[in-house]
Amino acid sequence: MSHFFLAKKRKIGQDEDMELLDQLEKRISALLDKLEALTAENVALKERLRQETDAVKHENETLKKALERERTLTAEALARIESVVARIKERADQE
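As a starting point, this report considers the structure included with it. (Residues numbered from 1 in each chain as written. Predicted model: local features only at pLDDT ≥ 70, side-chain atom pairs only at ≥ 80, totals over all residues. Heavy atoms only, no water.)

**Considerations on the overall build of the protein**
Filter applied, for reference: A run of H or I in DSSP becomes a helix once it reaches four residues, and a run of E becomes a strand once it reaches two; helices and strands are each numbered from the N terminus. Remark: exposure states derive from per-residue accessible area (1.4 Å probe, protein chains only) relative to the maximum for the residue type, with buried under 20%, exposed over 50%, and partly exposed in between. Areas reported here follow the Shrake-Rupley algorithm with a probe of radius 1.4 Å; residue values treat only the protein chains shown as occluding.
The helix and strand inventory of the protein stands at one helix and zero strands. Taking all 95 residues of the protein together, the buried fraction comes to 0%. For the protein, the accessible area works out to roughly 9,300 Å², and carbon and sulfur atoms hold 59% of it.

Next comes the structure, spelled out in structure tokens:
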């Protein structure tokens, strides 16, 4: 092959290499952009999850306290009813 054809072939190869390098750079840049966006989304989702978890914890605590109050009131009411029943029985036994 003549020197001219070798130089032209080498030039074409270099152009193709540069085109491939450009494509690679663009793909890497796009992937890095996507990674950055996904990282930001992940941070936002973690914060949302933390907030929702805190809200659920607070609601659970409120419900636990309300349930405990209900149990206490139920126990007090049951004790009062038993006291009334005991007095009725005592009265009935006296007659």
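Back to the write-up after that little detour.
**Focus on the pattern of salt bridges**
Charged atoms that come close allow side chains of opposite charge to pair. Quick note on the threshold: One side-chain nitrogen of Lys or Arg within 4 Å of one carboxyl oxygen of Asp or Glu is enough to make a salt bridge.
As enumerated under the stated definition, the model contains three salt bridges in all. Residue Glu-47 pairs with Arg-50 through a salt bridge whose shortest N-O separation is 2.5 Å. You can see Glu-47 and its partner Arg-50 sitting in helix α1 (residues 3-94), three residues apart, about one turn around the helix. Accessibility expressed as a relative area gives 42% for Arg-50, which makes it partly exposed.

**Quick notes on a nonpolar patch on the surface**
To keep it simple, the criterion reads: Patch membership requires more than 30% relative accessible area and the absence of a salt bridge. Residues of like charge join within 9 Å; the nonpolar side chains Val, Leu, Ile, Met, Phe, Trp and Tyr join within 5 Å.
There is a patch of nonpolar side chains on the surface, built from Met-18, Leu-21, Leu-24, Ile-28, Leu-32 and Leu-35 and spanning about 560 Å² of accessible area. Residue placement: Leu-21 occurs in helix α1. Given the relative accessible area of 39%, Leu-21 is considered partly exposed.

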